[in-house]
Amino acid sequence: MFARAWTKTWIAGASLVALAAASTGAQAAGKDVSLVLGVKGSPFYDALACGAKDEAKKLGLDLTVSAPDQFAADSQIPVIDAVTARGPAAAVVVPTDTQALIRPMAQLAKRGAKVLTVDQTIADTSFIQTQIVTDNEQGGRLAADAMNELLGGKGSVMMITQPPGSAGQDARAKGFEEELKKYSGITYLGPQYQSDDPQKAAEIVTSALSAHPDLAGVFSTNDQGAIGGITGLKQAAATGKVKFVAYDSATAEVAAFKNGAISVLIAQNPKQEGEVAMQSVKRVLDGGKLEKTTLTEIAVIKPGENAKADQYEYKGNCAQ
């Protein structure tokens, strides 16, 4: 999940006054919009930003994109506070924690911004215009169904995920665990936490294989866990022997899918999420109403579906 975050570059010196005036004019016209991503350098969030930038341009919105250095509340809160100080007409946020982001996002709304969430959400949505998400719990269920099919109904399975607190990751984990209960031949070894650290995910897999030589399947709830997990399989000479189901379709995941290291991808459409976010912003700034939840698509990519993998690959280059 790593590339670069999209941000505006402000010019210093005498032109700052002119820029400030232009910014004030944009806000007055209801066109100044902020997008706060979950973390810098994520293929998923880069693709989401591309969709948002393209759509904002079409809709005449003045979009600024920023992101924290880590997918963590203490890293993201100062970014949101900076957005609040700027006073945009609307802000779309990928909240990195369901609880810790409530206060800064509520403050942003109190300052007059229309606040939307995308990809993730928070526990208190009373001031949120809409939550733009995929059905993450259903995605986890689809992953469990795919795993059962790959293993022929029996075998030991583990999950690599984020520590509790991320709404999307928690929902994927919940869906996966609940759906696995349907399959009596599957032994669930439980979750391991990697905190968006591929090296940690690799270590988790190698340790799991050492403790459970009969490990048959691994599910990762995001691309960082998948990228690290397949590295762990390679280090343990278990590539292909252990079936790997991965959420997301970052470029590295698509390559691993094509060479057989990943068996199934559960893909989202981040570009679509970015587009829908800007369409939703435009609608609410124009005085329209939004549903409390706006769902975007999810796709299961099975062995041999290389063209489908190409279609859903997360592309962070906005020219593509």
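Details of the structure are given in the entry above.
Residues numbered from 1 in each chain as written. Predicted model: local features only at pLDDT ≥ 70, side-chain atom pairs only at ≥ 80, totals over all residues. Heavy atoms only, no water.

Draft legend 1. Geometry of the sheet that holds strand E5 (residues 128-133). Taking strand neighbours across the sheet as the criterion, the 6 strands line up as E2-E1-E3-E4-E5-E11 in an open arrangement whose pairing is parallel. The open sheet has two edge strands, strand E2 (62-66) and strand E11 (293-295), and neither has a second partner. In this sheet, adjacent strand axes meet at a mean angle of 20° when their direction is disregarded. The pairing of strand E1 (residues 32-36) with strand E3 (residues 90-93) spans 4 bridges and is classified as parallel. Across the sheet, the residue bridging to Ser34 is Ala91, located in E3. Sheet contacts for helix H3 (residues 73-86): E1, E2 and E3; angle to E1, the most-contacted strand, approximately 175°. (Pairing = 2+ DSSP bridges. Helix = DSSP H or I, 4+ residues; strand = E, 2+ residues; numbered from the N terminus. Axes fitted to C-alpha atoms, helices over the stretch in contact; angles between N-to-C directions. Contact = heavy atoms within 4.5 Å.)

Draft legend 2. How the structure looks around the packing of aromatic side chains. In the structure shown here, the tally under the stated rule is 4 aromatic pairs. Their ring planes at 70° and their centres at 6.2 Å tell us that Phe176 and Tyr188 sit as a pair that is edge-to-face. Within this pair, whereas Phe176 is found in helix H6 (residues 167-180), its partner Tyr188 is found in strand E7 (residues 186-193), the two being separated by 12 residues in sequence. Over the ring of Tyr247 we find Arg172, and its NZ or CZ is 4.0 Å from the ring centre. (Phe/Tyr/Trp six-rings, centres within 6.5 Å; stacked < 30°, edge-to-face > 60°. Lys NZ or Arg CZ within 6 Å of the ring centre and 35° of its normal.)

Structural measurements only, silent on function.
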